[in-house]
Amino acid sequence: MSYGIEKIFENYICDPEVYNYAYENCKPYRMYINTLPEETMKKIRKVHSAASLSNGAHNVRKGLFHMGTFGLSFVAEKAFCKSKKQKVKELVDSKEFYDLFEQLYNGAL
């Protein structure tokens, strides 16, 4: 796999949040994913599982931090930071993302 394809897999396919939103909302992404070999899909599912465990631990630590600051860090985070969900939505809904997976599906990359 070339460096560019590895980065696409790492950032757009192996991230469970991007994967789930994109699979539901971007037709070229879904078509590309559906063409991947079963062995590749097994690896992706393994990575998603590991990421879920890691995200769970991160959320616990984040919750403890918010409790330790009496909720002030939570308020600041909501006021100044885009949520991961919003960032994923903006990414997947972009024309560049759509075009990238359309080219991957068509074998242009």
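Description of the structure in this document. (Residues numbered from 1 in each chain as written. Predicted model: local features only at pLDDT ≥ 70, side-chain atom pairs only at ≥ 80, totals over all residues. Heavy atoms only, no water.)

## Digging into the packing of helix 2 (residues 16–25) against helix 3 (residues 27–35)
- At a minimum axis distance of 6 Å, the contact between helix 2 and helix 3 shows a crossing angle of 110 degrees. If you check the angle between helix 2 and helix 3, you find them roughly perpendicular. Contact with helix 2, carried on its side by Y19, A22, Y23, E24 and N25, involves K27, Y29, R30, I33 and N34 of helix 3 and no other residues of that element.
- In the contact of helix 2 with helix 3, the residues fall into 5 nonpolar, 2 polar and 3 charged. (Axes fitted to C-alpha atoms, helices over the stretch in contact; angles between N-to-C directions. Helix = DSSP H or I, 4+ residues; strand = E, 2+ residues; numbered from the N terminus. Parallel < 35°, antiparallel > 145°, perpendicular 65-115°, else oblique. Contact = heavy atoms within 4.5 Å. Nonpolar A, V, L, I, M, F, W, Y, C, P; charged D, E, K, R; others polar.)

## Side note on the packing of helix 3 against helix 7 (residues 95–105)
- Where helix 3 meets helix 7, the closest approach of the two axes is 8 Å, and the angle between their N-to-C directions is 35 degrees. Where helix 3 crosses over helix 7, the two elements pack in a sense that is left-handed. Where helix 3 abuts helix 7, its residues P28, Y29, M31, Y32 and T35 lie against F97, Y98, F101, E102, L104 and Y105.
- Among the residues forming the contact of helix 3 with helix 7, the class breakdown is 9 nonpolar, 1 polar and 1 charged. (Left-handed = near helix turned anticlockwise from the far one by under 90°.)

## Re the nonpolar core
- In this structure, I13, Y29 and F101 are the most contacted members of the largest nonpolar core, which totals 20 residues.
- Filtering out sequence-adjacent residues up to four positions away, F101 remains in contact with I8, Y12, I13, P28, Y29 and Y32. (Core = buried A, V, L, I, M, F, W, Y, C linked by side-chain atoms within 4.5 Å. Buried < 20%, exposed > 50% of the residue type's maximum accessible area, 1.4 Å probe, protein only.)

## Description of the environment of I5
- By secondary structure assignment, the location of I5 is in helix 1 (residues 3–13).
- When the C-alpha atoms of I5 and L104 are compared, they prove to be 9.4 Å apart, with 99 residues separating the residues in sequence.

## Observations regarding the packing of aromatic side chains
- Inspection of the entire model under this criterion finds 8 aromatic pairs.
- Note on Y29 and F101: the rings are 4.7 Å apart at their centroids and 65 degrees apart in plane angle, and the pair reads as edge-to-face. Of this pair, Y29 sits in helix 3 while F101 sits in helix 7, and the two are 72 residues apart along the sequence.
- With a centroid separation of 4.9 Å and an interplanar angle of 45 degrees, the aromatic rings of F97 and F101 are classed as tilted. Linking F97 with F101, this pair stays in helix 7, spanning 4 residues, or about one helical turn. (Phe/Tyr/Trp six-rings, centres within 6.5 Å; stacked < 30°, edge-to-face > 60°.)

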